[in-house]
Amino acid sequence: MFTKETYIRRRAELKRLVGKGIIVLFGNNESPKNYPNNTYAPMRQDSTFLYYFGQKRDGLVGVIDIDNDQEWLLGNDIDVDDIVWMGYTPSVSDLAAEVGITKTAPLSQLAEIVNCKSSNSKCLHFLPPYRHDNMIQIMDLMGIHPSKQKVAASVELIKAVVKMRSHKELQEIDLIDRACDIGYEMHVKAMDLIHPGKTEREVAGQVDGVALSLAHGNSFSTIFSQHGEIMHGTPSDAVMERGRLVICDAGCELEGYASDHTRTMPVDGEFTMKQLEIYSIVEECHDYVLDVAKPGVKWADVHFAVARMMTDRLKELGLMKGDTEEAVAAGAHAMFFPHGLGHMMGLDVHDMEGLGQIYVGFDDETRPNLEQFGTNCLRMGRRLETGFILSDEPGIYFIPHLIDLWRSEDRFKDFLCYDKIEEYKDFGGIRIEDDILIMEGGCRFMGHKRIPYHPNDVEERMRGLPF
């Protein structure tokens, strides 16, 4: 938790940006796994609630009455029956005082405080809910069916939250740097453990153990698979085999703030020439971002510059052909690169994605193309600004089903060399990902330690040598 003054200042700025009405921010509740008292632990607080109200306890709601300049923290005090099992929890009034709020009330008074059903009800602002228990609260409070709540959510509030959370404060940058340092430990652990004969699950479990022991758990479910062509391949009981590549995409969460890195490694510790040729393209694209990402540059322009660079290099290997500009404009490169170059990061690993990507990654100047395969997965396109933190994660993938489908349709036959691509159908995929901070005049990697990603460094680490 940050200082009381941090949350007071944030709520004051939020009031200024929204302008009028009542803001209601719902915290999260415990979420059962398979029966009521067996819950996912630890409970994860809603990120926006955490940003403005700081408290991680379940069952809380924050109310900001802009017109009357009043702020409330609502929740029910924990009784002795729960204290017996879970230990002492501060009262709601104590929690409120820690973040500079003087007014508290039990949850049963929420409707009375917001007065949203009266004939003279004020403008009520809420964010798109993503948990069904909060959807029910909104329906009880305002009479809006869950299926219509996303549309009914306050655009003014969404834009205000995005504006504030997009620009990371120094204390937030420090936490993400520290989270990335723990991310380093997670990934070098993987490099130290990967070996033919071990299972994917055996290594991934120990990677997760680093996040649990040094941080507050994972920022997302670890992706660890020899099938790197699957974007979100989860670790299985498959035994790692010589000659294969394995992708590890993992991050931790520290005081709510996320890290997110990906490395691709040869199972037997040494890249083949074929693997190295593809890996070097991804490496070049990854490093290019560091040279060009700076305030004022549109991230969409960086994405498509990377796509053109990738296309040129794939042409050199005989996997693509034709005019590079035409190939990228048509979307032929998405055969190999079917996702966006990166996403915003912060309290969420895909920061604020639940508020709507059109508001987070785009704006009135830059709009998403939802029609073109691959481009429709571009989560970020807007101009970069100082204080943004986002991922830099180019990749090349050989997806057998996609190859077969496009070939059967003769899709992009002027740009794709299908006979050559057939030779790579069992290749898998390669992704290299780091987190970057946009600063005056450029950008930098997040974290004080660099996870090996240059091929020689990866191989030396996997041989147990200093790099």
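Everything below is about the structure printed above this text.
In this report, we go over the structure that sits alongside the text. Note that the structure is a prediction, hence the values are computed from the model and not measured.

What follows is about the overall build of the protein. The number of helices and strands found in the protein is 17 helices and 17 strands. In terms of overall size, the protein behaves like a compact globule, its C-alpha atoms giving a radius of gyration of 24 Å where 467 residues would be expected to give roughly 23 Å. For the protein, the spread of C-alpha atoms along the principal axes amounts to about 70 × 50 × 45 Å. Split into buried and exposed, the 467 residues of the protein put 53% on the buried side. For the protein, the proportion of contacts with a sequence separation of at least 24, taken over those separated by at least 6, is 73%. Within the protein, one finds 50 positive and 74 negative side-chain charges whose respective centroids are separated by 3 Å.

The subject of this paragraph is the side chain of serine 259. With respect to the secondary-structure elements, serine 259 resides in the loop between β11 (257-258) and β12 (261-266). Residue contacts for serine 259: discarding those within four places in its chain leaves Ala179, Cys180, Gly183, Ser219, Phe220, Gly251, Cys252, Met345, Val349 and Asp435.

On to unusual backbone geometry. Residue alanine 41 is joined to proline 42 through a cis peptide bond whose omega torsion reads -10 degrees. For proline 42, the position within the fold is in the loop between β3 (38-39) and α2 (47-53). The backbone of aspartate 69 shows a phi angle near 50 degrees, a positive value even though the residue is not glycine. Mapped onto the elements, aspartate 69 comes out in the loop between β4 (61-65) and β5 (70-74). Here aspartate 69 falls in the exposed class, since its relative accessible area comes to 57%. Look at phenylalanine 412: it is not a glycine, yet its phi comes out positive at around 55 degrees. Along the chain, phenylalanine 412 turns up in the loop between α15 (400-408) and α16 (418-422).

Together, Val80, Val84, Trp85 and Met86 line one region of the surface with nonpolar side chains, adding up to about 560 Å² of accessible area. Look at valine 80 and you get exposed, because its relative accessible area is 55%.

Bringing helix α11 (residues 273-292) into the picture now. Here α11 spans 29 Å end to end across 20 residues, near enough to the 28 Å set by a 1.5 Å rise per residue. Along α11, the residues that are buried comprise Gln275, Ile278, Tyr279, Ile281, Val282, Glu283, Cys285, His286 and Val289.

Reading the values: the criteria
Residues numbered from 1 in each chain as written. Predicted model: local features only at pLDDT ≥ 70, side-chain atom pairs only at ≥ 80, totals over all residues. Heavy atoms only, no water. Helix = DSSP H or I, 4+ residues; strand = E, 2+ residues; numbered from the N terminus. Rg over C-alpha atoms; globule rule 2.2 N^0.38 Å. Buried < 20%, exposed > 50% of the residue type's maximum accessible area, 1.4 Å probe, protein only. Contact = heavy atoms within 4.5 Å. Lys, Arg positive; Asp, Glu negative; His and termini not counted. Charge placed at Lys NZ, Arg CZ, Asp CG, Glu CD. Patch = residues over 30% accessible without salt bridge, like charges linked within 9 Å, V, L, I, M, F, W, Y side chains within 5 Å. Areas by Shrake-Rupley, 256 points an atom, 1.4 Å probe, with all protein chains shown as cover. Salt bridge = Lys/Arg side-chain N within 4 Å of Asp/Glu carboxyl O. Expected span 1.5 Å × (residues − 1).

Spatial relationships are all this shows, so hold off on functional conclusions.
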